[in-house]
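One-letter residues, chain by chain:
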Amino acid sequence: MLQVSLYRYNPETDDAPFMQDFSVETDGKDLMVLDVLELIKAEHDGSVTYRRSCREGVCGSDGLNMNGKNGLACITPLSETVKGDKLVIRPLPGLPVIRDLVVDMSLFYAQYEKVQPYLQNPTPAPAIERLQTPEERAQLDGLYECILCACCSTSCPSFWWNPDRFVGPAGLLQAYRFLADSRDTATEDRLSKLDDPFSVFRCHGIQNCVNVCPKGLNPTKAIGHIRTMLLNRAT
Amino acid sequence: MRTISFDGVIVGGGGAGMRAALQLAQSGYKTAVISKVFPTRSHTVSAQGGITCAIASADPQDDWRWHMYDTVKGSDYIGDQDAIEYMCSVGPEAIFELEHMGLPFSRTEEGRIYQRPFGGQSKNYGEGGQAARTCAAADRTGHALLHTLYQNNIKNETVFFNEWFAVDLVKNQDGAVVGVIAICIETGETVYVKSKATVFATGGAGRIYASTTNAHINTGDGMGMALRAGVPAQDMEMWQFHPTGIYGAGTLVTEGCRGEGGYLINKDGERFMERYAPNAKDLAGRDVVARSMVLEILEGRGCGPNGDHVKLKLDHLGEEVLESRLPGICELSRTFAHVDPVKEPIPVVPTCHYMMGGIPTNVHGQALTVDADGNDAVIPGLYACGEVACVSVHGANRLGGNSLLDLVVFGRASGLFIEKSLREGIELRDASQTDIEAAGERLNALNERESGEQVAPLRRELQEIMQNHFGVFRTGEFMREGIAKLADLRGRVENVALADRSSAFNTSRIECLELQNLFETAEATAIVAEARDESRGAHAREDFTERDDENWLCHSLYHSENKKVSKRGVNFTPNTVETFQPKARSY
């Protein structure tokens, strides 16, 4: 029997959030945390609220805090997160809670949009694709795979403090994804928009983002590259 | 109820919806996307292997007509040849546009887009051997495509209603579609979203089956809304079972694995596809491979203690190829099969993957019905593109890599056509208060119901019926049993009860509405599958094992108002090439 402690909050009925306990029969199977949530919703309490979609770790819907660590519920097996028989599930930290495990991601998305996450190249496009060597394309590996689950940014103390001014690891990873793209010509404009004390330089290299990224990406490294580009530009 | 007005409203934020939205937003018309999830959470994100198109990178001689031939053959000859011609010939332009938007395709040494072999592909109209025509971004092509489209919609300032759920169509007194009723999931507010053009890009409904590669959200919402509004559904018996879903979990393993040189083995380690498809082997059509796998299992050559699956062997490709070309597969296999494909084969089983059928449309995305004389008639105001549409480019069996092409090409085509129509002026009469209230009836009934069964067990029951009675192999008697079970289930699904009455982010309410959409889709599937007494493409009857061109070289049309099935002609008149005549289909 798995003891699950779930963060509950319904803005219509609850003055404050509380933790609710459920005993879940897992039949000894090493279920994913999402399976456990589905069991609770189907068999214990249909009002338990969370997001989910692909259930295979590519859509980024079910970023949650499980026994203190951010991750995707659908690809986190119980064996990886449960100590003893206890599983504590909370919403991603640092963002306003809408209900139960569902957070308001507006600030997170706003930071993503701020970095102009789209290719910019005003030169007329050729009749076929723009050419790019395999080596140039390899520069995008480890960057383009981001699924916008927010596990990284919501584990970052700098983002907790300044979610409106520090772009955060997810946004900066995408900023560098376009800075690193041989087809993009807006480098100078992109850097000038990031060149202030907050957007990039609030990263203190804590690396929580690296520890929690479910896709194994390294935002800290990307931020380091942006930092270097900004410093080189200044000199 | 508040009314919000747009020139064009797109329901669904996956690849098709966002491509259509992008086209309309660029034209300056007031465009909105209603998506029940944040757009990059849509199921397009799970597409892996690529997007098939004759861009002549891997083979400079490649020709879209060869791609057309493969697609017509793959469809078992009930794909519409004018639509397939349009898709294959416009495809390259649509792909290059995506690249110009920033899609991070993998590359060849020449710097062009990398293309890999996929099933059912040939050169020179089947005479020139295996082609490599599927454009790929590693094995994350859907993710790369979906994010690129979202990014470009941000750039073009498309209005998004994210985490809004479309409930039902609003029709005016003339029967024209003039928008939808939608709920804001976060607040529970219900509004009438009024529009001159309503585009369904709601994706598939793989969740009608117990075992599926599809996301939880693939609940046939567009099919449900259409069928309730009296729109016919075409070719609903045609469901693709993907050969390689991970055994037990259902998650997809791309056909690109076999394109890169992987192959299937039975318990004896035999590469059994050599027996079933001596030429194409593991790259035969998906329907052919899936049936061969089931036969291996039924004949006692399955793997595992229960002999209920086969295995996909990849280890001979080497770690370097696997990690560079199929990194996502390595990840999924380790997570869901507890198997490292670098060392061991992956346990796989045919798994429900794709709905070839859907809302019948023309190449402009206009939804079609039939008039009293049996002729095609456009339904004013309603459009469909992507998986929910049946244009029909896939016929009885879709080729791998053709779904991403379908959604990009026809999302774009719908946008282009609506833009032109808006410029010429679209005059639809306003919906009356009664019309709007009629569209809100289902939601009101759900909200007011005091008793009924819970959603999860009902959904499970529906999925088990479909899995057991309408799977890879089908027989009339067993399907009729399934139809009777569905008839019993209908009333219970209509009376499903809310487990939660809150207006704040009420996912219980959404799941109930989705269940009703699943049911409509499932029932259409069941009734048409029983009616088509032949075997064609993905529809394999044990009691009618042969293809019957005399009676069934046609689309099926399902009419929800009387649950009757009629036939609709297939288009055999492409504009620029000779007709591809039906012939025996072998690989």
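Cut-off values and rules
- Residues numbered from 1 in each chain as written.
- Chains lettered and ligands numbered in written order.
- Predicted model: local features only at pLDDT ≥ 70, side-chain atom pairs only at ≥ 80, totals over all residues.
- Heavy atoms only, no water.
- Helix = DSSP H or I, 4+ residues; strand = E, 2+ residues; numbered from the N terminus.
- Buried < 20%, exposed > 50% of the residue type's maximum accessible area, 1.4 Å probe, protein only.
- Contact = heavy atoms within 4.5 Å.
- Areas by Shrake-Rupley, 256 points an atom, 1.4 Å probe, with all protein chains shown as cover.
- Lys, Arg positive; Asp, Glu negative; His and termini not counted.
- Charge placed at Lys NZ, Arg CZ, Asp CG, Glu CD.
- Buried area = accessible area lost by both parts, 1.4 Å probe.
- Salt bridge = Lys/Arg side-chain N within 4 Å of Asp/Glu carboxyl O.
- Polar contact = N/O pair within 3.5 Å; in protein donor to acceptor, adjacent residues only side chain to side chain.
- Pairing = 2+ DSSP bridges.
- Axes fitted to C-alpha atoms, helices over the stretch in contact; angles between N-to-C directions.
- 1 Å grid on protein atoms, 1.4 Å probe; cavity = no way out; pocket = protein on both sides within 12 Å on 5 of 7 lines; lining within 4 Å.
- Points joined across faces, edges and corners; volume = space filled by probe spheres on them.
- Nonpolar A, V, L, I, M, F, W, Y, C, P; charged D, E, K, R; others polar.
- Expected span 1.5 Å × (residues − 1).
- Core = buried A, V, L, I, M, F, W, Y, C linked by side-chain atoms within 4.5 Å.
- Phe/Tyr/Trp six-rings, centres within 6.5 Å; stacked < 30°, edge-to-face > 60°.
- pLDDT = per-residue confidence, 0-100.
- Parallel < 35°, antiparallel > 145°, perpendicular 65-115°, else oblique.
- Patch = residues over 30% accessible without salt bridge, like charges linked within 9 Å, V, L, I, M, F, W, Y side chains within 5 Å.

Undergrad: Is there a simple way to explain the overall build of chain A in this structure?
TA: If you tally the helices and strands in chain A, you get nine helices and seven strands. Overall, the C-alpha framework of chain A stretches about 60 × 40 × 30 Å when taken along its three principal axes. Per-residue burial over chain A gives 57% buried out of 235 residues. Counting contacts in chain A only where the partners sit at least 6 residues apart, residues at least 24 apart contribute 65% of the total. Accessible area for chain A stands at about 9,600 Å²; split by element, carbon and sulfur atoms hold 53% of it. The positive charge centre, built from 24 side chains, and the negative charge centre, built from 30, are 4 Å apart in chain A.

Undergrad: Any chance you could explain the interface of chain A and chain B here in plain terms?
TA: Contacts between the two partners involve 58 residues from chain A, matched on the other side by 59 residues from chain B. Both sides of the chain A and chain B interface together cover about 4,800 Å² of buried area, and 52% of this is carbon and sulfur. Counting every contact that joins chain A to chain B gives seven salt bridges. For R140 of chain B, the salt bridge identified is with E145 of chain A, shortest N-O distance 3.8 Å. Counting every contact that joins chain A to chain B gives 35 residue pairs in polar contact (both at pLDDT 80 or more). Looking at the side of chain A that touches chain B, the elements with two or more residues in it are α1 (33–44), β6 (97–99), α3 (106–114), α4 (134–138) and α6 (168–179) of chain A.

Undergrad: What am I meant to see in the sheet that holds strand β11 (residues 239–246) of chain B here?
TA: Strand pairing in a sheet relies on backbone hydrogen bonds, with the paired strands running either antiparallel or parallel. Residue and element names in this part refer to chain B. Within the open sheet, the four strands sit side by side as β11-β14-β13-β12. Their pairing is antiparallel. Each having just a single partner strand, β11 and β12 (263–265) make up the two edges of the open sheet. Across the sheet, the mean angle separating the axes of adjacent strands is 50 degrees when strand polarity is ignored. With six bridges connecting them, β11 and strand β14 (residues 346–355) associate as antiparallel partners.

Undergrad: Could you clarify how one ought to interpret empty space enclosed by the protein in this entry?
TA: Empty space among the atoms becomes visible once a probe the size of a water molecule is rolled across them. Per the counting criterion, the structure on display carries nine cavities of 30 Å³ or more. What lines the second largest cavity is a set of 18 residues, among which R51 and R52 of chain A together with K36, V37 and T507 of chain B lie closest to the centre. Of all elements in the fold, only α1 of chain A together with α16 (507–531) of chain B reach the threshold of two or more residues within the lining of the second largest cavity. For the lining of the second largest cavity, a count of residues per class yields seven nonpolar, two polar and nine charged.

Undergrad: What is the right way to read helix α1 (residues 15–26) of chain B from this model?
TA: Since the α-helix turns once every 3.6 residues, residues separated by three or four places project in the same direction. Residue and element names in this part refer to chain B. End to end, α1 covers 16 Å across 12 residues, agreeing with the expected 16 Å (1.5 Å per residue, within 8%). Counting buried positions along α1 gives 11 out of 12 residues, so the element sits mostly inside the fold. Buried within α1 we find G15, A16, G17, M18, R19, A20, A21, L22, Q23, L24 and A25. In this structure, the buried residues of α1 make contact with β1 (2–11), β2 (31–35), α3 (81–101), α4 (141–155), β6 (159–162) and α11 (402–424). Once α1 finishes, G28 follows within two positions and takes phi at roughly 90 degrees, a positive value.

Undergrad: Looking at this structure, I do not really get the nonpolar core. What am I missing?
TA: Core analysis: the largest hydrophobic core is formed by 161 residues, its most contacted members being I226 of chain A together with I51, I346 and F410 of chain B. Of the residues forming this core, the biggest block, 10 residues, is contributed by α11 of chain B. In contact with I226 of chain A, not counting residues within four places along its chain, are L172, A175, Y176, L179, L191, L194 and V200 of chain A.

Undergrad: I keep staring at the packing of aromatic side chains and nothing clicks. Help me out?
TA: Two measures describe an aromatic ring pair: the distance that separates the ring centres and the angle between the ring planes. The tally for this structure, following the rule as stated, stands at 14 aromatic pairs over all chains. Judged by centre distance (5.1 Å) and plane angle (70 degrees), the ring pair of F38 of chain B and Y150 of chain B falls under edge-to-face. Of this pair, F38 of chain B sits in the loop between β2 and β3 (51–52) while Y150 of chain B sits in helix α4, and the two are 112 residues apart along the sequence. Among the residues examined, F38 of chain B registers a relative accessible area of 5% and is labelled buried. According to the relative accessible area criterion, Y150 of chain B is buried, its value standing at 3%. Both rings, one in Y69 of chain B and one in Y125 of chain B, keep their centres 6.1 Å apart while their planes meet at 90 degrees; by these two values the pair is edge-to-face. Here the residue Y69 of chain B occupies a position in helix α2 (residues 64–74), and Y125 of chain B occupies one in the loop between β4 (115–116) and β5 (134–135), the gap between them amounting to 56 residues. Here Y125 of chain B falls in the partly exposed class, since its relative accessible area comes to 30%. Members of the aromatic cluster, connected to one another through ring pairs, are F108 and Y109 of chain A together with F38, Y150 and F160 of chain B.

Undergrad: Help me understand the confidence of the model for chain B in this model?
TA: Do not read the fine detail of predicted coordinates wherever pLDDT is low. The share of residues in chain B with pLDDT of 70 or more is 100%, and the mean pLDDT across the chain is 97. Scored as a complex, the prediction yields pTM 0.97 and ipTM 0.98.

Undergrad: Looking at this model, I keep getting lost on the pairing of strand β13 (residues 310–313) of chain B. Mind explaining?
TA: Working note: regular strand, side chains alternate between the two faces of the sheet. Residues and elements named next belong to chain B. Bridge count between β12 and β13: three bridges; the pairing is antiparallel. Residue pairing across strands places Y263 opposite K313, the latter belonging to β13. When β13 meets β14, the two strands line up antiparallel, connected through three bridges. Bridge pairing in β14 links K311 to P347.

Undergrad: Before we go on, may I ask you to explain the packing of α3 of chain B against α11 of chain B in this structure?
TA: A pair of packed helices can be characterised by two numbers: the angle between their axes and the separation between those axes. All names here are of chain B. Between α3 and α11, the least distance of the axes is 9 Å, while the angle of their chain directions is 85 degrees. With respect to α11, the element α3 is oriented roughly perpendicular. Between α3 and α11, the contacting residues are A83, Y86, M87, V90, G91, E93, A94, I95, E97 and L98 on the first element and N402, L405, D406, V408, V409, F410, R412 and A413 on the second. In terms of residue class, the contact of α3 with α11 is built from 12 nonpolar, two polar and four charged.

Undergrad: Got a minute to help me understand helix α14 (residues 455–469) of chain B in this structure?
TA: With 15 residues, α14 of chain B extends 21 Å between its outermost C-alpha atoms, agreeing within 8% with the 21 Å of an ideal straight helix rising 1.5 Å per residue. All of the buried residues along α14 of chain B are V455, A456, L458, R459, L462, Q463, I465, M466 and H469 of chain B. Turning to α14 of chain B, the residues buried within the fold contact α1 of chain A together with α15 (476–494) and α16 of chain B.

Undergrad: Teacher, can you tell me more about unusual backbone geometry here?
TA: With glycine set apart, most residues show a phi of negative sign, and most peptide bonds adopt trans. All names here are of chain B. Note the cis peptide between V391 and S392, where omega equals -5 degrees. Relative to the helices and strands, S392 resides in the loop between β18 (389–390) and α11. Unlike most non-glycine residues, A56 shows phi in positive territory, near 60 degrees. Taking relative accessible area as the criterion, A56 reaches 19% and is therefore assigned buried. The phi dihedral of D235 falls on the positive side, at around 55 degrees, and the residue is not glycine. Looking at the secondary structure, you find D235 in the loop between β10 (233–234) and β11. Judged by relative accessible area, which is 0%, D235 ranks as buried.

Undergrad: How should I be thinking about a negative patch on the surface in this particular structure?
TA: Residues E135 and E136 of chain A together with E109 and E110 of chain B make up a contiguous surface patch of negative charge. Looking at where E110 of chain B falls in the secondary structure, it is placed in the loop between α3 and β4.

Undergrad: Explain the pattern of salt bridges here, please?
TA: Between side chains of opposite charge, a pair can form when the charged atoms approach closely. All names here are of chain B. Applying the stated criterion to the full structure yields 71 salt bridges over all chains. D63 is the salt-bridge partner of R65, the closest N and O atoms lying 2.9 Å from each other. The residue R301 makes a salt bridge to E296 at a minimum N-O spacing of 2.9 Å. Relative accessible area serves as the criterion here: at 0%, E296 is assigned to the buried category. Connected via shared salt-bridge partners are D76, D235, E237, D287, R291, R532, E534, R536, R547, D549 and R585.

Undergrad: What exactly am I supposed to notice about the layout of surface pockets here?
TA: One number sums up the size of the second largest pocket: a volume of about 650 Å³. What lines the second largest pocket is a set of 35 residues, and nearest its centre among them are I75, P214 and K215 of chain A together with E331 and T335 of chain B. Ranked by residue count, the leading element in the lining of the second largest pocket is helix α10 (residues 327–337) of chain B, at seven residues. Looking at the lining of the second largest pocket residue by residue, the classes come out as 14 nonpolar, 12 polar and nine charged.

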